[in-house]
Amino acid sequence: MKRRFSTSMPQNLTSPQIAENLRRVRAALPSGGELVAVSKFHPVEAVKEAYEAGQRVFGESRVDEVVNKAAAMPEDCTWHFIGHVQTNKLRRMLPAVQVIESVDSERLLRLISAEAVRANHPVKVFLQVHVAAEETKTGFAPDDLIECARACKELPCIEICGVMGMASNVDDDERINADFEAIAEVGRQLRAIIPTARELSMGMSGDWPQAVAHGATFVRIGTDIFGVRN
Ligand SMILES: *Cc1c(COP(=O)(O)O)cnc(C)c1O
């Protein structure tokens, strides 16, 4: 059963709404909690409205979009890539982003490191874990993520800063809580290997309060800020 995407949210939000949505989300985040405003599929005008309301950290899932938006926006923005990384587009994407949250294989992590060295562009990464019920969601199995961290903890031009994950897209609070707890547990195991990798990126529009309750330090929120995507 689909639970996400508040259908009551109007499309093409006007600026006061984006600013108000940002205020509401920020007020509910714990201190030190970071909001990644997921602007994918929304026009750069919407990103500018959020910027004017003080938002600096944005999430995108497509290479063309992040490259274009990063070029159009002031340099004090931070761009998180949260989508599937196509390795043939990595070279084009890398200079536009500071954080790649969706690293889901050792091969990809090594490629990112090599490309970051080549471009002299250090990048922070999250290792993405798969715990959700849906098979389509990408990510490492928990044990594979830990194995990758052991093998790759000293790759150059890479800072592994934590775990990213998604809960199942279901109407079942118990399952969602169990998923966030499972992601947090992988985070604890990762910290035993890389003590500085303390961030937990989890929680989206439908479930971020639960993610925060389970220790999320980054939430990635699109719909609740910008409205429904086309
Ligand atoms: C699109 C997306 C989000 C934001 O989803 P909303 O439900 O609109 O808040 C968060 N994380 C990832 C990985 C996404 O692809």
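That block above? That's the structure.
Residues numbered from 1 in each chain as written. Predicted model: local features only at pLDDT ≥ 70, side-chain atom pairs only at ≥ 80, totals over all residues. Heavy atoms only, no water.

Some remarks on helix H2 (residues 44–52)
Our working rule: The buried label applies to any residue whose accessible area, calculated with a 1.4 Å probe on protein chains only, is under 20% of its type's maximum; exposed applies above 50%, and partly exposed to all values in between. Only runs of H or I of at least four residues qualify as helices and only runs of E of at least two qualify as strands under DSSP, and these elements are numbered from the N terminus. In this description, the arc belongs to the directions extending from the helix axis to the C-beta atoms.
If you check which residues of H2 are buried, you get Val 44, Ala 46, Val 47, Ala 50 and Tyr 51. Down the axis of H2, the buried side of the element spans an arc of 155 degrees, and every buried residue falls inside it. Residues of H2 that are exposed and point more than 90 degrees away from the buried face comprise Glu 45 and Glu 52. Positive phi appears at Gly 54, one or two residues downstream of H2, with a value of about 100 degrees.

A word on empty space enclosed by the protein
Under the convention used in this document: Any residue with an atom within 4 Å of a point lines the site, the site being either a cavity, points on a 1 Å grid over the protein atoms alone where a 1.4 Å probe fits but cannot get out, or a pocket, an open set with protein on both sides within 12 Å along at least 5 of 7 lines. Grid points are joined across faces, edges and corners, and a volume is the space filled by probe spheres set on the points. Polar here means any residue outside two lists: the nonpolar Ala, Val, Leu, Ile, Met, Phe, Trp, Tyr, Cys and Pro, and the charged Asp, Glu, Lys and Arg; Gly therefore counts as polar.
The tally for this structure, following the rule as stated, stands at 1 cavity of 30 Å³ or more. There is about 30 Å³ of room inside the largest cavity. Gln 128, Val 129, His 130, Val 131, Ala 132, Lys 137, Thr 138, Gly 165 and Met 166 together form the lining of the largest cavity. Of all the secondary structure elements, the ones that give two or more residues to the lining of the largest cavity are strand S5 (123–130) and strand S6 (158–166). Of the residues forming the lining of the largest cavity, the biggest block, 3 residues, is contributed by S5. Here the residues of the lining of the largest cavity sort into 4 nonpolar, 4 polar and 1 charged.

Things to note about the packing of aromatic side chains
Going by this rule: In summary, the pairing rule links any two rings of Phe, Tyr or Trp, Trp by its six-membered ring, whose centres are within 6.5 Å, and it sorts them by plane angle into stacked for under 30 degrees, edge-to-face for over 60 and tilted for everything else.
In this structure the tally under the stated criterion is 2 aromatic pairs. On the basis of an interplanar angle of 80 degrees and a centroid distance of 5.5 Å, the ring pair of Phe 126 and Phe 218 is categorised as edge-to-face. Taken together, the positions of Phe 126 in strand S5 and Phe 218 in strand S8 (residues 218–221) put the pair 92 residues apart, joining distant regions of the chain. Residue class for Phe 126 comes out buried when judged on its relative accessible area of 1%. With relative accessibility at 12%, the residue Phe 218 sits in the buried group.

Looking at the site of the ligand
Heads up, the condition is: Throughout, near means a residue has at least one heavy atom within 4 Å of the molecule or strand. Polar contact is the term for a pair of N or O atoms within 3.5 Å; when the atoms are in protein, one must be able to donate a hydrogen and the other to accept it, and sequence-neighboring residues count only if both atoms are side-chain atoms. Accessible surface area values rest on a Shrake-Rupley calculation with a 1.4 Å probe, where residue burial reflects the displayed protein chains alone.
The immediate surroundings of the ligand are formed by 12 residues, with Lys 40, Ser 205, Gly 222, Thr 223 and Arg 229 found nearest. One of the side-chain nitrogen or oxygen atoms of Ser 205 is found 2.5 Å away from an oxygen atom of the ligand. For the ligand, an oxygen atom lies 2.8 Å from a polar atom in the side chain of Arg 229. In isolation the ligand offers 390 Å² of accessible surface; the protein chains occlude 94% of this area. For the shell around the ligand, the class distribution of residues is 6 nonpolar, 3 polar and 3 charged.

A word on the environment of Phe 180
Put simply, the rule is: Note on contacts: a residue pair qualifies if any of its non-hydrogen atoms lie within 4.5 Å across the two residues.
Considering the arrangement of structural elements, one finds Phe 180 in helix H7 (residues 173–193). If near-sequence neighbours (up to four positions away) are discounted, Phe 180 is found in contact with Ala 167, Met 202, Gly 203, Asp 207, Gln 210, Ala 211 and His 214.

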